[in-house]
Amino acid sequence: MIQINDLSHRFPNGNLALDSVNLNIKKGEFVVIAGRNGSGKSTLVRHMNALLLPSSGNVIVNGMGSSDQKDHWDIRQAVSMVFQNPDSQFVGMTVEEDVAFGLENLGMASDNIRESVDRCLQFAGLSEYSKTSPIHLSGGQKQKVAIASVLAMYPECIIFDEVTSMLDHASCNDVMDLINSVHKAGKTVIHVTHRLEEATTADRLIVMDAGRIVLDDTPSNIFLSGKVSDFGLELPPIIALAKKFKDSGILQGYLALSKDELLEDLCQLILKT
Amino acid sequence: MSIDIKNLIFSYNRSTSLEKHALNDVSLSIKKGDFVLISGEVGSGKSTLIKHMNGLLKPCSGSVEVDGIPTHKKDIRSKVGMLFQFPQKQLFGKTVDEDISFGPANFGIKGNQLKKQVHEAMDLMFLDESIASVSPFDLSGGQMRLVAMAGVLASKPDYLILDEPASGLDAKNRKILFSILKKLNSKGISIIVVSHQISDVLPLVDRLFLIDSGKIVFKGSPDEYLRSTNLYLPDIPWIMKELHDRGFDVKFDIFDIDEAFYEVSSLLNPQKVDEQ
């Protein structure tokens, strides 16, 4: 779906933000891109829908190269993006107006707009807020509106760029649940974050550092490798604890990735001894 | 010597159609020398609450007193220092020295005494004297935070309030920050940390206040918190408590990964762990 060949990006101030990145993302994949601040992860994803253009190398989305300006519209139709701060992307007076905005611009018939908007709001669990002003919603609900607005445009792939970083624990879980359902509904999902606990349900975890891809594997393999701390990231406490039990040979088999899994593993083990 | 809040009620946009109740009958007391954590979800009223403690907001009803003085008197601001989230945004001086001096100078401190207080504050924050003449905006993000904190400490507050001080800091810098707070607390300054994350700070504090929808829903020691049922627990103590509740013989006031590992391992194989 997205193919990146030898991509480098140099900002006007001379900073090399991406340094010969090669990456291939398949249709339907759930990829998490993690890395410390300044590692180049946001720069990388902005190349995937032609918000930034390569200094050298190329980016190909569904066979279209981002260097050809006439394809930008089609690329952005295929790959949408949700940003960190939902307040900066609201345009409507009410939630349903906001979700309808993109479709109205496409010139869609009003009956179809109504149907799409209702379906997307229902998918995001926001039906009861359709007539509410987005500014009166909580941070998590705002992010869900932003996601519903993007879903309404029916992209094949959605990039979530640090969408959880301004949210508290409960809203964060809520938004992650929605991101997981978006993936289950068949979309390609690319989620940028520095919280590794958000990678546990992904197919693939990519860690970036200093403009390069330094790790690219399943989340479990990367967690077990013990390498994330080399790149300024921290294992979630539960996974660090599970890894300790596994490294010491006390627990065997799959690495537990959630607190419920680890608790079950430990209970069974204690009962056996 | 304490901050005393009695039956505090506060609404934003009072008597308009946008009226929003933020605090509902909050009473609490923080003694000088206490280290407390105020926690709750985003929008629960934590920031509104602390803004009452140095008079940035005035109660709609109820009372807020610092060392017996109601907060609408100006002089309590030198007693209660406040550090907002992203404190680097509080910086404005041409030089680090100018920035840190601003607070105490405004409280009427001059000359050598001012120099001494600025110097002491920089010292507390591990800031080298050589950066005093540098523009704070040329410093790294981490150093800017330290300068902002020094700026608050230079006024020698008795109470220091920090709103989400660890947000955006990586693990190493969080540890440094918390060791600084411990040091300040050992010098007798009350530390009031506001955070929606409990696990980092809880092991350090004397008391915890949980706030939900503008009401205090829990007050007590970290131990009382861990023993309470039906409150959200961080993952490590959650696992330990679940094991404990299922009848296994483990301690549950554990936040540390290594300690949790040791506790469970010794249950599984007491001899082996003892030998080590």
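So, here is what we can say about the structure in this document. (Residues numbered from 1 in each chain as written. Chains lettered and ligands numbered in written order. Predicted model: local features only at pLDDT ≥ 70, side-chain atom pairs only at ≥ 80, totals over all residues. Heavy atoms only, no water.)

Some details on the overall build of chain B
Helix and strand content of chain B: nine helices and 10 strands. Principal axes of the C-alpha set define a box for chain B whose edges measure 65 × 50 × 35 Å. Residue burial in chain B is summarised as follows: out of 276 residues, 49% are buried. Sequence-distant contacts in chain B: of pairs separated by 6 or more residues, those separated by 24 or more amount to 61%. Looking at chain B as shown, the accessible area adds up to about 13400 Å², and 50% of this sits on carbon and sulfur atoms. Distance between charge centroids for chain B: 7 Å, based on 33 positive and 36 negative side chains. (Helix = DSSP H or I, 4+ residues; strand = E, 2+ residues; numbered from the N terminus. Buried < 20%, exposed > 50% of the residue type's maximum accessible area, 1.4 Å probe, protein only. Contact = heavy atoms within 4.5 Å. Areas by Shrake-Rupley, 256 points an atom, 1.4 Å probe, with all protein chains shown as cover. Lys, Arg positive; Asp, Glu negative; His and termini not counted. Charge placed at Lys NZ, Arg CZ, Asp CG, Glu CD.)

A closer look at the overall build of chain A
Looking only at helices and strands, chain A features nine helices and 10 strands. Projected onto its principal axes, the C-alpha positions of chain A cover 65 × 45 × 30 Å. Within chain A, buried positions represent 51% of all 273 residues. Considering only contacts within chain A whose residues lie at least 6 apart along the sequence, 63% involve residues at least 24 apart. With the model as given, the accessible surface of chain A reaches about 12300 Å², and the carbon-plus-sulfur share is 48%. Taken as two groups, the 24 positive and 34 negative side-chain charges of chain A have centres that lie 4 Å from each other.

Points about the layout of surface pockets
Rolled over the atoms, a probe with the dimensions of a water molecule shows which regions are left empty. All names here are of chain A. Reported here for the second largest pocket is a volume of approximately 680 Å³. Forming the boundary of the second largest pocket are 23 residues, of which Ser80, Met81, Ser149, Val150 and Met153 lie nearest the centre. Only helix H2 (72-78), strand E6 (79-82), helix H3 (95-106) and helix H5 (139-152) provide two or more residues apiece to the lining of the second largest pocket. Here the element with the most residues in the lining of the second largest pocket is H3; it accounts for six residues. Residue composition of the lining of the second largest pocket, grouped by class: 13 nonpolar, eight polar and two charged. (1 Å grid on protein atoms, 1.4 Å probe; cavity = no way out; pocket = protein on both sides within 12 Å on 5 of 7 lines; lining within 4 Å. Points joined across faces, edges and corners; volume = space filled by probe spheres on them. Nonpolar A, V, L, I, M, F, W, Y, C, P; charged D, E, K, R; others polar.)

Quick word on the environment of Ser67(A)
Residue and element names in this part refer to chain A. Examined against the element boundaries, Ser67 turns out to sit in the loop between strand E5 (64-65) and H2. Here Ser67 falls in the exposed class, since its relative accessible area comes to 64%. Separated by 12 residues in the primary sequence, Ser67 and Ser55 place their C-alpha atoms 10.0 Å from one another.

A few points about unusual backbone geometry
Residue and element names in this part refer to chain A. The phi dihedral of Asn62 falls on the positive side, at around 50 degrees, and the residue is not glycine. Checked against the element boundaries, Asn62 lands in the loop between strand E4 (56-61) and E5. In this structure, Tyr154 takes a positive phi of about 55 degrees despite not being glycine. Following the sequence through the fold, Tyr154 ends up in the loop between H5 and strand E7 (157-161). Assessed through its relative accessible area of 61%, Tyr154 is described here as exposed.

Regarding the packing of H3(A) against H5(A)
Residues and elements named next belong to chain A. Between H3 and H5, the shortest axis-to-axis distance is 8 Å and the interhelical angle comes to 30 degrees. Compared by their axis directions, H3 and H5 come out roughly parallel. In this structure, H3 meets H5 at a crossing whose hand is right-handed. Taken together, the residues of H5 that come into contact with H3 (itself represented by Val95, Asp98, Val99 and Leu103) are Val145, Ala148, Ser149 and Ala152. Residue classes in the contact of H3 with H5 are distributed as six nonpolar, one polar and one charged. (Axes fitted to C-alpha atoms, helices over the stretch in contact; angles between N-to-C directions. Parallel < 35°, antiparallel > 145°, perpendicular 65-115°, else oblique. Left-handed = near helix turned anticlockwise from the far one by under 90°.)

What to know about the pairing of strand E10 (residues 212-217) of chain A
Residue and element names in this part refer to chain A. Alignment of strand E9 (residues 204-209) against E10, held across five bridges, turns out to be antiparallel. Bridge assignment links Asp209 to a residue of E10, and that residue is Arg212. If you look at the hairpin formed by E9 and E10, you'll find two residues sitting between the two strands, and Ala210 has a positive phi there, around 50 degrees. (Pairing = 2+ DSSP bridges.)

Quick notes on the state of the cysteines
With the rule as written, the count across this model stands at zero disulfides over all chains. This cysteine, Cys157(A), is not joined by any disulfide, and Cys120(A) carries the nearest cysteine sulfur, 16 Å off. (Disulfide = S-S within 2.5 Å.)

Looking at the environment of Lys246(A)
Residues and elements named next belong to chain A. Take Lys246: it is sitting in helix H8 (residues 237-247). C-alpha separation for the pair Lys246 and Arg204, spaced 42 residues apart in sequence, amounts to 21 Å. Among residues more than four places away in sequence, those in contact with Lys246 are Leu224, Leu251, Gly253, Tyr254 and Leu255. A polar side-chain atom of Lys246 sits 2.8 Å from the main-chain carbonyl oxygen of Gly253. (Polar contact = N/O pair within 3.5 Å; in protein donor to acceptor, adjacent residues only side chain to side chain.)

Some details on the sheet that holds strand E8 (residues 188-193) of chain A
All names here are of chain A. Reading across the sheet, the six strands line up as E6-E7-E8-E3-E9-E10 and stay open at both edges, with mixed pairing between neighbours. The sheet is open, and its two edges are formed by E6 and E10, each paired on a single side. Between one strand axis and the next, the sheet turns by 20 degrees as a mean value, whatever way the strands run. Here four bridges tie strand E3 (residues 30-34) to E9, and the two strands are oriented parallel to one another. The residue of E9 that forms the bridge with Val32 is Leu205. Here helix H6 (residues 169-184) sits on the sheet and contacts E3, E7 and E8; the angle it forms with E8, its principal contact strand, is near 150 degrees.

Considering the sheet that holds E4(A)
Pairing in this open sheet of four strands is antiparallel, and the strands run E2-E1-E4-E5 (chain A) from one edge to the other. Only two strands of the sheet have a single partner each, and these edge strands are strand E2 (16-25) and E5 of chain A.

What about the interface of chain B and chain A?
The interface of chain B with chain A comprises 23 residues on the first partner and 25 residues on the second. Between chain B and chain A, roughly 2300 Å² of surface is buried when both sides are summed, and carbon and sulfur atoms account for 75% of that area. Contact with chain A buries area across many residues of chain B, yet Ile239(B), Phe261(B) and Leu268(B) alone supply 26% of it, more than any other trio. Viewed at the interface, chain A and chain B are joined by three residue pairs in polar contact (both at pLDDT 80 or more). Broken down by secondary-structure element, the contributors of at least two residues to the side of chain B that touches chain A are helix H5 (171-186), helix H7 (235-245) and helix H8 (257-268) of chain B. (Buried area = accessible area lost by both parts, 1.4 Å probe.)

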